[in-house]
Amino acid sequence: MPVSPPFLPIAAASRVRPRWALHPLLAGVLALLCGAATAQPGEPLALRATPLLAEQPPSHVGAATTVYGQRVRGRIGLETVLEGQAELRQPGTVAQAERLSYDQGSDIVTVSGGVRLNKAGDRYTAESGQLRVDAMEGFLLRPTYRFLASGAHGEAERLEWLDRDRASVIQGSYTTCPRGGPDWVPDWIVRADRLDLDREDDEGRASGAVLEFKGVPVLPVPALSFPISERRRSGWLPPTLGLDNKSGLDLSVPYYWNIAPHRDATFTPGLMSRRGVDLAGEFRYLENDYQGRINANLTPNDRLRDGRNRWGYFLRHNGQHDSGIDGIGRVGLGLNLNRVSDNDYWRDFSRRGLSLTTRLLANDGALSWSRGDLSLHARALKWQTLQDVAAPIVPPYDRLPQLTARWGRSNDRGFDYAIEGDFTRFRADPFWTGQPNAERGFVQAQLARPFTRPWGFFTPRVQLHASHYRFDGPISGGATSASRVLPTVSLDGGLVFERQAGFFGRDLTQTLEPRLKYVYTPYRDQHRLPLYDTGAYDFNFATIWAENAFAGNDRIVDNNLVTGGLTTRLLDPQTGAEVLRLGVAQRYRFSGQQVTLPGGLPTARGLSDLMLGASVNWDARWAFDSVVQYNLDTRRSTRTTVQARYSPEKFHTVSAAYRHQRDLRSESLDIGWQWPLADLAWRQGEPGGRSVGGGSSCQGKWYGVGRLNYSLQDRRLVEGILGFEYDAGCWIGRVVLEKLNSSIHSSTKRIMFQVELIGLSRLGSNPLRALRNQIPRYQYLREETSSPSRFTDYE
């Protein structure tokens, strides 16, 4: 019997054997002997896995042959003939027919009349056939077949087994559409003069093939290859077709190269109607200690850009590498390289690469080493800035190099302490930055003594920051170097109160968690120091507790303030899941802030804005989250974010977010969804019939998908994706429109359409990545699943 290609699960076996009932007392004794938990009255007996049901028969199990029949005749050791519900069984193989003849000398089984064959879950029927059992060679006449792993099925004039891994179907058909009534016509089907199925290579090859869709031949192909399992294989992938307002019609034909189980590559030649030839490639690798990918694109002689050669490459690598030197240990290497040919690349090819949503492309390489309490890092970072004449940006500083070291311990006799050092050379074009390049070194040490109890915590901490600058040229005031030493002292404490509570008939645990933190940092004049890596933190629930108001090391804010907060939570006592959280936090400055960024306004003495937050996850279907920054002086919110999501079940999700920043005059509404629009069903024949396809019945489901980001301030759609999906069971259709902004006044618009023939291929452009990336909690209509067991249709 051949090892047939794996496909989807099959319908239940047509033949049901008698079921025997055990006396309850005997059943309980057997359950105890087998080690199973005793079932309660009225509950089914729990089953557990057993090695006797292994997917592959154990090696010590011999290929014993067992035969059954109503009438048996023959000669001992030579020939056996069975008639009337004849059956032959071997591990993994069951053959049934009205008449079965087994020649033991030649090991040939001849079957006729109602032939049914089950090989590892793949099922066949035929009028007659012959099979050499051990060699798995033989044939079936006028067979039908159904494959376990995909549910693909078909019929043929003849099926020939060449060996255990290869079979040929003569004048056959292939589809995954479930069979209907006598007038059934599948939505799609491949008809071929010959289908060669090779399980060893996981490949199907068709010659003289034609693809029919809705009864209409749409794609005649002299030769066609397709995968017969989920395992990767080399070969040409279906062509992709796209259309956008910049490049025009985009046609590409990818070739996939399965180099090894842990390495692969994809080469994608293509043609854009407005630009010309396009070449792309991707190489991926995954090892035990490292992984990465390389993407590259080339568009020679771009007709829309004066015949220039356009290119880009994007590389990611992360891993730990053995140095091979005793006592040195393992060294980490991380690479993030991104480079393109010109400033307009991100605007013209917004879908390429790993990240082209920004005009700043990092070329970053880092080496790391750690052993015990000590860690060392060496880094080189160089930026490519894609400039726009209408909206120029100041390039960030390159770090060539950056060297850091850290030594620290936690809970050493109750103390936490650490010391960190950093040396960085900052380089950039002074034309853009307006300040000299520099070398900066700093050392930061800290000592803390946490006191932690179940009912609360208290952590006194002291920090010391010392830094030194050496500039390439004079800064304001004429200095070519500068130094700064600043201490910081903080006291952080909180309490946790708990009580059992009940709300809306639900038992919950309620907490009350007050927190208070005092921070003191003396003032040092730093306004002459250039900024190399420093910016202001966003004001939120996390940064309100930070000792420094700035990210980076060029500014250390002067502080004499206390921050207070109160949080209450409702927790599920069984799972610990957070059902509700309400929080409030605010700062009080005993003295006004003096250290600011250039152009920044100092914070006056007194109360800060009030932070209010709420999060509700009453059940898995609903989620709500909101944050409000409220100004007590103006009695108006400075910033408001409100987000909600409803996901009652698979393929049903709606999310909405409202964001308002008064100081930036920004107000937007963001809505995303995936939701069934309507169920379409046409039934003929007996009520309750259920199949997908043409002829006797047809069922399908429409889904609406999309995400819209609308600016209420500007009254325009900033970005959006909108589409429809239709799931017909054995095929899925998708049509998606997408708009991506490439500047304030221009955008890229494209249309993507795809027909996915389940178990065969996807035709058209591929919108799945865009849908998954942009729609929160979007789910594929066909998630990848593990192969079903060969016992799914055991008989």
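Here, every reference points to the structure presented above.
Residues numbered from 1 in each chain as written. Predicted model: local features only at pLDDT ≥ 70, side-chain atom pairs only at ≥ 80, totals over all residues. Heavy atoms only, no water.

**Brief notes about the overall build of the protein chain**
Reasoning step 1: Check the secondary structure of the protein chain and you find 4 helices and 48 strands.
Reasoning step 2: Contacts spanning at least 24 positions in sequence make up 50% of the contacts within the protein chain whose residues lie at least 6 apart.
Reasoning step 3: Accessible surface, the protein chain as shown: approximately 43,200 Å² in total, 57% of it carbon and sulfur. (Helix = DSSP H or I, 4+ residues; strand = E, 2+ residues; numbered from the N terminus. Contact = heavy atoms within 4.5 Å. Areas by Shrake-Rupley, 256 points an atom, 1.4 Å probe, with all protein chains shown as cover.)

**Describing the packing of aromatic side chains**
Reasoning step 1: For the structure on display, the rule yields 24 aromatic pairs.
Reasoning step 2: Judged by centre distance (6.4 Å) and plane angle (50°), the rings of tyrosine 174 and tryptophan 188 are tilted. Pair noted here: tyrosine 174 is in strand E11 (residues 166–174) and tryptophan 188 is in strand E12 (residues 188–198), with a separation of 14 residues, a long-range link.
Reasoning step 3: Considering the side-chain rings of tyrosine 726 and tryptophan 731, the 5.3 Å spacing of their centres and the 50° angle between planes classify their relative orientation as tilted.
Reasoning step 4: For tyrosine 726, a relative accessible area of 10% puts it in the buried group.
Reasoning step 5: Assessed through its relative accessible area of 9%, tryptophan 731 is described here as buried.
Reasoning step 6: An aromatic cluster is built from Tyr397, Phe426, Tyr469, Phe471 and Tyr532, whose rings are joined through pairwise contacts. (Phe/Tyr/Trp six-rings, centres within 6.5 Å; stacked < 30°, edge-to-face > 60°. Buried < 20%, exposed > 50% of the residue type's maximum accessible area, 1.4 Å probe, protein only.)

**Quick notes on the nonpolar core**
Reasoning step 1: In terms of nonpolar packing, the biggest core is built from 43 residues, with Leu100, Tyr124, Trp161, Tyr174, Trp188, Leu195 and Leu760 touching the most fellow members.
Reasoning step 2: A total of 5 residues in this core trace back to one element, the largest contributor, which is E12.
Reasoning step 3: Residues Ala428, Tyr469, Phe471 and Ala482 belong to the second largest nonpolar core, which totals 10 residues. (Core = buried A, V, L, I, M, F, W, Y, C linked by side-chain atoms within 4.5 Å.)

**Focus: a nonpolar patch on the surface**
Reasoning step 1: A surface patch of nonpolar side chains, about 500 Å² in accessible area, is lined by Leu271, Val277, Leu279, Leu298, Trp311 and Tyr313.
Reasoning step 2: Mapped onto the secondary structure, tyrosine 313 falls in strand E22 (residues 308–322).
Reasoning step 3: Overall, tyrosine 313 belongs to the partly exposed group, its relative accessible area being 35%. (Patch = residues over 30% accessible without salt bridge, like charges linked within 9 Å, V, L, I, M, F, W, Y side chains within 5 Å. Salt bridge = Lys/Arg side-chain N within 4 Å of Asp/Glu carboxyl O.)

**Things to note about the environment of arginine 339**
Reasoning step 1: Position of arginine 339 relative to the elements: it lies in strand E23 (residues 330–340).
Reasoning step 2: Remark: the alpha-carbon pair of arginine 339 and glutamine 384, spanning 45 residues in sequence, is separated by 7.1 Å.
Reasoning step 3: Residues in contact with arginine 339, not counting those within four places in the same chain, are Trp311, Gly312, Tyr313, Asn363 and Gln384.

**A closer look at the side chain of serine 247**
Reasoning step 1: Mapped onto the secondary structure, serine 247 falls in the loop between strand E16 (240–244) and strand E17 (248–252).
Reasoning step 2: For serine 247, the residues in contact, after removing those within four places along its chain, are Met272, Ser273, Arg274, Arg275 and Asp348.

**A closer look at the pairing of strand E33 (residues 506–521)**
Reasoning step 1: Bridging between strand E31 (residues 481–495) and E33 involves 6 bridges; their strand directions are antiparallel. Paired with serine 490 across the two strands is valine 519, which belongs to E33.
Reasoning step 2: As defined by bridge partners, strand E32 (residues 497–503) adjoins E33 across 7 bridges and the pair is classed as antiparallel. Bridge assignment links alanine 501 to a residue of E33, and that residue is leucine 508.
Reasoning step 3: Following E32, the chain reverses through 2 residues before pairing antiparallel with E33; phenylalanine 504 in that reversal takes a positive phi of roughly 55°.
Reasoning step 4: Pairing analysis gives 13 bridges linking E33 to strand E36 (residues 559–571), with the strands arranged antiparallel. In the sheet register, leucine 516 faces E36, and the bridge partner there is glycine 564. (Pairing = 2+ DSSP bridges.)

**With respect to the state of the cysteines**
Reasoning step 1: Counted by the stated rule, this structure contains 1 disulfide.
Reasoning step 2: Here cysteine 177 is linked by a disulfide to cysteine 730, with a sulfur-sulfur distance of 1.9 Å. The sign of the 65° torsion about the S-S bond sets the cysteine 177-cysteine 730 disulfide as right-handed. Here cysteine 177 is found in the loop between E11 and E12, whereas its partner cysteine 730 is found in the loop between strand E45 (716–727) and strand E46 (731–741), with 553 residues between them in sequence. The two residues cysteine 177 and cysteine 730 agree in class, both being buried. (Disulfide = S-S within 2.5 Å.)

**Structural notes on the pattern of salt bridges**
Reasoning step 1: All told, the structure shown has 48 salt bridges when counted by the stated rule.
Reasoning step 2: Close ionic contact of aspartate 492 with arginine 515 constitutes a salt bridge, the shortest N to O distance being 2.7 Å. Of this pair, aspartate 492 sits in strand E31 while arginine 515 sits in strand E33, placing them 23 residues apart in sequence.
Reasoning step 3: The exposure class assigned to aspartate 492 is buried, which follows from its relative accessible area of 9%.
Reasoning step 4: Between glutamate 756 and arginine 762 there is a salt bridge; the shortest N-O distance is 3.4 Å.
Reasoning step 5: For glutamate 756, a relative accessible area of 8% puts it in the buried group.
Reasoning step 6: The partly exposed category is assigned to arginine 762, whose relative accessible area is 35%.
Reasoning step 7: Each member of the salt-bridge network shares a partner with another, and the members are Arg275, Asp302, Arg305, Arg310, Asp342, Asp344, Arg347, Asp348 and Asp388.

**Regarding the side chain of serine 711**
Reasoning step 1: By the secondary structure assignment, serine 711 is in strand E44 (residues 697–711).
Reasoning step 2: Within the local environment of serine 711, its side chain forms a polar contact with the backbone nitrogen of aspartate 714, the two atoms lying 3.1 Å apart. (Polar contact = N/O pair within 3.5 Å; in protein donor to acceptor, adjacent residues only side chain to side chain.)

**Let's talk about unusual backbone geometry**
In terms of backbone geometry, most residues other than glycine have negative phi values and most peptide bonds are trans.
Reasoning step 1: Cis geometry marks the peptide bond from leucine 400 to proline 401; its omega dihedral reads -5°.
Reasoning step 2: For proline 401, the position within the fold is in strand E26 (residues 398–412).

**A short note on the pairing of strand E48 (residues 761–764)**
Reasoning step 1: As judged from the 4 bridges shared by strand E47 (residues 747–757) and E48, these two strands associate in the antiparallel manner. Across the sheet, residue valine 755 finds its bridge partner in E48, namely leucine 763.
Reasoning step 2: Between E47 and E48, which pair antiparallel in sequence order, lie 3 residues; one of them, glycine 759, sits at a positive phi of approximately 85°.

**Comments concerning the layout of surface pockets**
Reasoning step 1: In this model, the second largest pocket occupies a volume close to 1,100 Å³.
Reasoning step 2: Considering the residues around the second largest pocket, the lining is formed by 33 residues, among which Phe539, Gln593, Leu601, Thr603 and Gln629 are closest to the centre.
Reasoning step 3: If you tally residues by element for the lining of the second largest pocket, the top one is strand E37 (residues 578–589), at 3 residues.
Reasoning step 4: Class assignment for the residues of the lining of the second largest pocket results in 13 nonpolar, 13 polar and 7 charged. (1 Å grid on protein atoms, 1.4 Å probe; cavity = no way out; pocket = protein on both sides within 12 Å on 5 of 7 lines; lining within 4 Å. Points joined across faces, edges and corners; volume = space filled by probe spheres on them. Nonpolar A, V, L, I, M, F, W, Y, C, P; charged D, E, K, R; others polar.)

By themselves these figures say nothing about function.
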